[in-house]
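A structural walkthrough
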Amino acid sequence: MSSQPAASQNAATIQPAKGKLGIMTAGMGAVCTTLIAGVEAVRRGIAKPIGSLTQMGTIRLGKRTENNTPLIKDFVPLASLDDLVFTGWDIFGGNLYEAARTAQVLDRDQLDQIRPYLESIEPLPAVFDQHYVKRLTAKKAKTGKNKCDLASQIRNDIAEFKSKTDRQVLIWTGSTEIFMEETAVHQSIEAFERGLTENDPGIAPSQMYAWAALKEGIPFINGAPNLTVDIPALNELSRKMNAPICGKDFKTGQTMIKSVLAPMFKTRMLGVSGWYSTNILGNRDGEVLDDPESFKTKEESKLGLLDIILQPELYPVLYKDIYHKVRINYYPPRGDNKEGWDNIDIFGWLGYPMQIKIDFLCRDSILAAPIVLDLALFLDLAQRAGMKGIQEWLSFYFKSPQTAPGLYPEHDVFIQLMKLKNTLRYLRGEDLITHLGLEYYD
Ligand SMILES: NC(=O)c1ccc[n+]([C@@H]2O[C@H](COP(=O)([O-])OP(=O)(O)OC[C@H]3O[C@@H](n4cnc5c(N)ncnc54)[C@H](O)[C@@H]3O)[C@@H](O)[C@H]2O)c1
């Protein structure tokens, strides 16, 4: 057996991160305003980018004895925060200062320090249809003769922004849409474009933004659990237009904890008989998720990972009878400060039961904002490195990672991180780190 780490390969050609990177967000609510206000606060030196791997993370290169651990942002050419420019769409009138005040995530004092900047950004009128998000009513929405016309208006907005920036990415930070499944209209680019003209109900607004972005050759990130780009038609368009895609549903709170604890149980061959997760949440996202049809989309996204991590088909004695329940309760007094409880019933040696209780007093958008930043910077890097289609190496950031058809996703957050870092090493022609480590003992 070779005791050497995986051989190095040729570095990929990566275009430099020159000029302005335009970040467009479909949906400018709590997560988006926390991201934009946060980037501006960091640029002004009044806050630190905590939680962001691209800004704070390091990457080990070579052997452990080499002590070579640069910052990720010094290792791969990422856009600098100073070069980020923001725009986006929402259905509410007003500017981002008002939107951030409504979201009530950041302190007023902090917002006031960057008030003129936030006031200078006003969301563009959105493409919205209440059929897909029942709890919201639009104040500012585009009108058009059919879905194709509306999606083309988004393309025009993108084209306009292209003239002011050098590269762009588009992120869905909009609300969670109703649960949808793949139908015939999603199977090819031709079927999808026919569906746009024929107003097919299988095409949701988030998919119209995604189509518009990809048609313009712009990478697309799906931050919600919506079907959006997780369909053959948009996957095909992504590859055709050299515009990478990834999704779905930012992994921030309870699911992140699950993706850490579940692998622990499995590595120690501890059984799990039940996992009950509940949340109270009072922001607009919580209000939207109070609608059963939007909740179903979220529920599917949150439920999937345990079966995939624990593999009950391989370990029936340990995981076949697990009872897994997820609840989200809309509770306005808490605003964005979600509380997530988990009760986990596990069993050990000879079947003796034990319990673990978690009470995570978190802040939804504080956890999500750095993830959105990282995804925008990494997806821009991916495009400059010539990558297209689904970017599974970014599954680290998602509750329900998109994968190639027929492939199950990796949910274990540490495997996901290894995959991400090895992809960066691969792009730069560095040795991949396998953790085999025999070479230290030769
Ligand atoms: N930790 C987190 O906060 C977290 C984690 C995972 C996923 N998400 C998802 O991220 C999304 C954003 O979360 P949030 O807390 O910012 O919610 P939010 O309700 O504060 O913001 C969403 C915004 O999207 C807008 N919107 C809805 N439909 C739109 C459309 N068709 N076009 C343009 N704008 C539209 C809404 O008006 C709203 O302002 C949600 O789907 C949420 O489920 C959030």
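None of these values were measured; they are calculated from a predicted model. (Residues numbered from 1 in each chain as written. Predicted model: local features only at pLDDT ≥ 70, side-chain atom pairs only at ≥ 80, totals over all residues.)

Examining the overall build of the chain
- A tally of helices and strands in the chain yields 16 helices and 10 strands.
- By the compact-globule yardstick of 22 Å for 442 residues, the chain fits well, its C-alpha radius of gyration being 22 Å.
- Considering only C-alpha atoms, the chain reaches an extent of 65 × 50 × 50 Å along its principal axes.
- Counting across all 442 residues of the chain, residues that qualify as buried make up 45%.
- Restricting the contact set of the chain to residue pairs at least 6 apart, pairs at least 24 apart contribute 77%. (Helix = DSSP H or I, 4+ residues; strand = E, 2+ residues; numbered from the N terminus. Rg over C-alpha atoms; globule rule 2.2 N^0.38 Å. Buried ≥ 20, exposed ≤ 12 C-beta atoms within 10 Å, placed from the backbone. Contact = placed C-beta atoms within 7 Å.)

Some details on the domain arrangement of the chain
- Domain boundaries in the chain define domain 1 (21-250 + 366-427) and domain 2 (254-361).
- If you look at the interface, domain 1 gives 24 residues, while domain 2 gives 27 residues. (Domains from an automatic or database assignment.)

Quick notes on the pairing of strand S7 (residues 271-281)
- As judged from the nine bridges shared by S7 and strand S9 (residues 339-347), these two strands associate in the antiparallel manner. Residue Thr278 lies in a different strand from S9, and its bridge partner there is Trp341.
- In the sheet, S7 pairs with strand S8 (residues 323-330) via eight bridges, with the strands oriented parallel. Within S8, the residue paired with Ser277 across the bridge is Val326. (Pairing = 2+ DSSP bridges.)

Structural notes on the environment of Thr65
- Take Thr65: it is sitting in the loop between helix H2 (53-56) and helix H3 (72-75).
- On the basis of neighbour counts, which here come to 8 C-beta atoms within 10 Å, the residue Thr65 falls in the exposed class.

Remarks on the sheet that holds S9
- Strand order in this open sheet of four strands is S8-S7-S9-S10, and the pairing throughout is mixed. This sheet does not close on itself; its edge strands, each paired only once, are S8 and strand S10 (353-361). Ignoring strand direction, the axes of neighbouring strands in this sheet form an average angle of 10°.
- With nine bridges joining them, S9 and S10 adopt antiparallel strand pairing. Considered in S10, the bridge of Trp341 is made with Asp359. (Axes fitted to C-alpha atoms, helices over the stretch in contact; angles between N-to-C directions.)

A few points about helix H15 (residues 364-384)
- An ideal rise of 1.5 Å per residue puts 30 Å on 21 residues; H15 measures up with 31 Å between its terminal C-alpha atoms.
- Of the residues flanking the end of H15, it is Gly386, one or two places downstream, whose phi is positive at about 80°. (Expected span 1.5 Å × (residues − 1).)

Considerations on the site of the ligand
- Neighbouring the ligand are 36 residues, the closest being Gly27, Gly29, Val31, Ala224 and Arg284.
- By residue number, the principal contributor to the shell around the ligand is H15, which donates four residues.
- Across the shell around the ligand, the residue classes tally to 20 nonpolar, 11 polar and five charged.
- Each of two domains, domain 1 (21-250 + 366-427) and domain 2 (254-361), supplies a minimum of three residues to the shell around the ligand. (Near = placed C-beta within 6 Å. Nonpolar A, V, L, I, M, F, W, Y, C, P; charged D, E, K, R; others polar.)

Quick look at the packing of helix H7 (residues 147-162) against helix H9 (residues 205-215)
- Where H7 contacts H9, the axes come no closer than 9 Å and their chain directions differ by 50°. The orientation of H7 with respect to H9, classified from their angle, is oblique. The chirality of how H7 crosses H9 is right-handed. Of H9, the residues touching H7 (which contributes Lys147, Leu150, Ala151, Ile154, Arg155 and Ile158) are Met208, Tyr209, Trp211, Ala212, Ala213 and Lys215.
- When grouped by side-chain class, the residues that make up the contact of H7 with H9 number nine nonpolar, no polar and three charged. (Parallel < 35°, antiparallel > 145°, perpendicular 65-115°, else oblique. Left-handed = near helix turned anticlockwise from the far one by under 90°.)

Considerations on the sheet that holds strand S5 (residues 220-222)
- If you trace the six strands from one edge of the open sheet to the other, you get S3-S2-S1-S4-S5-S6, paired in parallel fashion. Strands at the two margins of the open sheet, each flanked by one partner only, are strand S3 (124-125) and strand S6 (245-247).
- Bridge count between strand S1 (residues 21-26) and strand S2 (residues 84-90): six bridges; the pairing is parallel. Along S2, the bridge assignment pairs Met24 with Thr87.
- Taken strand by strand, H9 contacts S1, strand S4 (167-172) and S5, and its axis lies near 165° from that of S4.

Focus on helix H16 (residues 413-427)
- Relative to the 21 Å expected for 15 residues at 1.5 Å per residue, H16 spans 21 Å between its end C-alpha atoms, a close match to the ideal helical length.
- Among all positions in H16, only Val413, Gln416, Leu420, Lys421, Thr423, Arg425 and Leu427 are buried.
- Where H16 is buried, its residues contact helix H11 (254-267).
- In the segment just after H16, Gly429 is the residue with positive phi, at about 70°.

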